[in-house]
Amino acid sequence: MNLKITSLYLWIPIDQTAEETKLEFYHNGKKVQELDAYLGKADCGFYTAWNAEKFLGEELEIRSDTPEKQLKYLFCWDEKPQNVYPFRPKLHFTPYLGWQNDPNGLIYANGLYHLYYQWNPYGVHWGNMHWGHAVSTDLIHWHPESVALEPDETGSAYSGCALQDFSNTAGFGKDALLFFYTAAGGRNKWSQEAGNRFTQRLAYSTDGGRTLQKSDRILLDFLVTENRDPKVFYHPESQAYILILYLEGFEFALYRSNDLFHWEETQRLTVDGMWECPNLERLPVEGTSEEKWVFWSADGYYQVGTFDGWHFQAETERKSAYFTKLRYAAQSFAGTPGRVVTMGWMRLKNTRGHYCGAMSLPTELSLVKNGDYQIRLWPAREVLALAGEPHPLATSAATLSPDGAPVMLDLEWSADASGIAAIRMGKVFAMADLDRNVLHLNEYKYAYDGSGGLNLKIIIDQEIVELFGNDGTIYGAYELGENVLGNEIQTDLAGPCRKATWCRLAVE
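What you are looking at is a predicted structure, and each value in this text was computed from that prediction instead of being measured.

A. Structural detail: the overall build of the protein. A tally of regular secondary structure across the protein gives 3 helices and 42 strands. Reported as C-alpha extents along the three principal axes, the dimensions of the protein are approximately 75 × 55 × 40 Å. Scored against the burial criterion, the 508 residues of the protein give a buried share of 60%. In the protein, 59% of the contacts between residues at least 6 apart in sequence involve partners at least 24 apart. On the protein, roughly 20800 Å² of surface is accessible, and the fraction owed to carbon and sulfur atoms is 47%. Taking the 45 positively charged and 66 negatively charged side chains of the protein as two groups, their mean positions are separated by 1 Å.

Following this line, the structure appears as structure tokens:
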């Protein structure tokens, strides 16, 4: 089928009950786009769109196994589809539609926070891996930008990171933004035809991150199976750039470079249970001048130790920063000296809003030492600055914000408190057994040190609840599922309860 592009966007009907089909777009005999979609008709579930502006006025050939009569439901329009959903979180970033997973390329540069993320614009399932993009001045209000990276003959655009090249080491210009990512060769037909496999590659931006250009150079060629998720940073003590990469199983590798193009392997790391999306981060120890290095993986497992620029030496056993499974693949922002700010993928299952997935609240990361080192995860100062006037928390059912604005609960019990304290949010409950020092969030539980009592900060935002306990040394999150507009809760608080308040988080 041939189609002339007469407007900026090519609208594509999506019906999740239809069979998945592959669409290939050719311009003058050269493939320019490939996507998999559950292609619908006029009465579809929703429309998505491909930005075809570069081919405006040109004719494209569409190849597919789908009958041509099905392809007639594609059409051109000058605006992209809108998607209004009343239960969309206000504080947690969500894509306007489609599937979203890992955060990528998080960086603060030139007054803007950049959030890139794994995105499928063509359905609410994993696939067609692009890098979506949004920007913010405050980590709260996110403005969507154009697609940053698309699949091509090198493969799908898998996860990666960013840094700002202050000294023009890579040669793309002083202060250029550099993006290290995995080209997942073999994961799309386009790259299979080209014979490509998984490689680590570089993209760059000379316009402040708004558009990314792919470099032709391969940083690390194929190693094993699905080697992926590069994390790159500069290590001033050893005067080199460091890259940590996931290999396979529970194995990772460390590399060094002086020019960002040639990398030398210095260490293999294997920790049972740790896999994907590695990070190696220097964190402050609260209340001291000490800093320690933390190696962590996608599921929140981590080890604390030392790093000399060549080798990481663990000083603790594997630990977990989360006691629930919703938050995943967290990444820290580059370019935020003085604090470490992270965001992770919230693995939502609800697709009723024609999107699936969200980002966690921005959180600040540090360590505490109570005999041993432990991660402290706390809402970023920008989130806490939204807190309005506190109100006493009712001891029965209450609708805290009829308009669905996010709310924050603050609860505190002394060490001698007893009984069961419970908060129910729809079909999700948070419960503290103050006699046994066990905290529950639905099916998940966490045994905490109750010698100093218990404090909880709970943030409820439509589809998502995030819980921070004992000043951030306890973290859990859960999808609320059955959305209750207005954040309706039921409480049954045990005593003595030293504090029980709630407030709205003002998000315009």
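B. Seen up close, the pairing of strand β29 (residues 363–370). Taking burial as the measure, the 8 residues of β29 include 6 buried ones, the bulk of the element. Here strand β26 (residues 340–346) pairs with β29 via 3 bridges, running antiparallel. Counterpart to V341 in the pairing with β29 is E364. In this structure, β29 lies alongside strand β30 (residues 372–379), joined through 8 bridges in antiparallel fashion. For V368, the partnering residue across the bridge sits in β30 and is Q374.

C. Focus on unusual backbone geometry. A positive phi is found at N128, a non-glycine position, where the angle reads about 50°. Residue class for N128 comes out buried when judged on its relative accessible area of 12%. Residue H354 is not a glycine yet carries a positive backbone phi of 65°. Mapped onto the secondary structure, H354 falls in the loop between β26 and β27 (355–356). H354 sits in the partly exposed class, given a relative accessible area of 26%.

D. Quick look at the packing of aromatic side chains. A complete count under the given rule lists 36 aromatic pairs for this structure. For the ring pair Y116 and F179, a centre distance of 5.0 Å and an interplane angle of 70° mean the geometry is edge-to-face. With Y116 in strand β9 (residues 112–120) and F179 in strand β13 (residues 176–184), this residue pair connects regions lying 63 residues apart in the sequence. The exposure classification of Y116 matches that of F179, with both residues buried.

What counts and what doesn't
Residues numbered from 1 in each chain as written. Predicted model: local features only at pLDDT ≥ 70, side-chain atom pairs only at ≥ 80, totals over all residues. Heavy atoms only, no water. Helix = DSSP H or I, 4+ residues; strand = E, 2+ residues; numbered from the N terminus. Buried < 20%, exposed > 50% of the residue type's maximum accessible area, 1.4 Å probe, protein only. Contact = heavy atoms within 4.5 Å. Areas by Shrake-Rupley, 256 points an atom, 1.4 Å probe, with all protein chains shown as cover. Lys, Arg positive; Asp, Glu negative; His and termini not counted. Charge placed at Lys NZ, Arg CZ, Asp CG, Glu CD. Pairing = 2+ DSSP bridges. Phe/Tyr/Trp six-rings, centres within 6.5 Å; stacked < 30°, edge-to-face > 60°.

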